[in-house]
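An overview of the molecular structure
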Amino acid sequence: MSLTVNGELDNDEQEEPLTMKIEYRNISDRTAALTEIWCEVLEEDLDETSDLFENGATSLHVLKIIGRVYDVLGADIRPREVFTHASPQSLSAYIESSQA
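Quick caveat: nothing in here was measured; it's all calculated off a predicted structure. (Residues numbered from 1 in each chain as written. Predicted model: local features only at pLDDT ≥ 70, side-chain atom pairs only at ≥ 80, totals over all residues. Heavy atoms only, no water.)

Topic: unusual backbone geometry
- Look at E43: it is not a glycine, yet its phi comes out positive at around 55°.
- Tracing the backbone shows E43 in the loop between α1 (27-42) and α2 (59-73).
- On the basis of relative accessibility, which here comes to 72%, the residue E43 falls in the exposed class. (Helix = DSSP H or I, 4+ residues; strand = E, 2+ residues; numbered from the N terminus. Buried < 20%, exposed > 50% of the residue type's maximum accessible area, 1.4 Å probe, protein only.)

Some remarks on the side chain of S98
- Structurally, S98 can be placed in helix α4 (residues 88-98).
- Engagement of the side chain of S98 in a polar contact is seen with the backbone oxygen of Y94, the distance being 2.9 Å. (Polar contact = N/O pair within 3.5 Å; in protein donor to acceptor, adjacent residues only side chain to side chain.)

With respect to the packing of α1 against α2
- Relative to each other, α1 and α2 sit at 140°, their axes nearing to 10 Å. The orientation of α1 relative to α2 falls into the category oblique. Here α1 and α2 pass one another in a crossing that is right-handed. Residues R30, A33, L34, I37, W38, E40, V41 and L42 of α1 form the contact with α2, whose participating residues are H61, K64, I65, R68, V69, V72 and L73.
- Grouping the constituent residues of the contact of α1 with α2 by class yields 10 nonpolar, one polar and four charged. (Axes fitted to C-alpha atoms, helices over the stretch in contact; angles between N-to-C directions. Parallel < 35°, antiparallel > 145°, perpendicular 65-115°, else oblique. Left-handed = near helix turned anticlockwise from the far one by under 90°. Contact = heavy atoms within 4.5 Å. Nonpolar A, V, L, I, M, F, W, Y, C, P; charged D, E, K, R; others polar.)

A word on α4
- Within the span of α4, buried status applies to P88, L91, S92, Y94, I95 and S98. Buried positions in α4, seen along its axis, are confined to an arc of 160° and lie on one side of it. (Arc of directions from axis to C-beta.)

Observations regarding the packing of α1 against α4
- Between α1 and α4, whose axes approach to 8 Å, the crossing angle comes to 135°. Considering their axes alone, α1 and α4 lie oblique with respect to each other. Judged by the twist between their axes, the crossing of α1 over α4 is right-handed. Within the contact between the two elements, α1 uses I27, R30, T31, L34, T35 and W38 and α4 uses P88, Q89, L91, S92, A93, I95 and E96.
- A per-class count over the contact of α1 with α4 returns seven nonpolar, four polar and two charged.

Structure below.
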């Protein structure tokens, strides 16, 4: 991410396609990994269709999820993508469509 001359995030920056660790290129494996991340971060038993915010997630949870997604999957996602795709299944589909 780059900054503007005012020190703010440059929203006009071109988004690069997401890259993925090879073992998570299969959508069902990726969805399972994302479901596990949701469960770890929220400390609840959830499924692949569970909505983060319906289960009490906050913006701090979103930041933790982003970090875990990067660590586990190797995918560099942004907060707005988690807010828009709030279930593991939805985020997995988004990642699938965003890959090069």
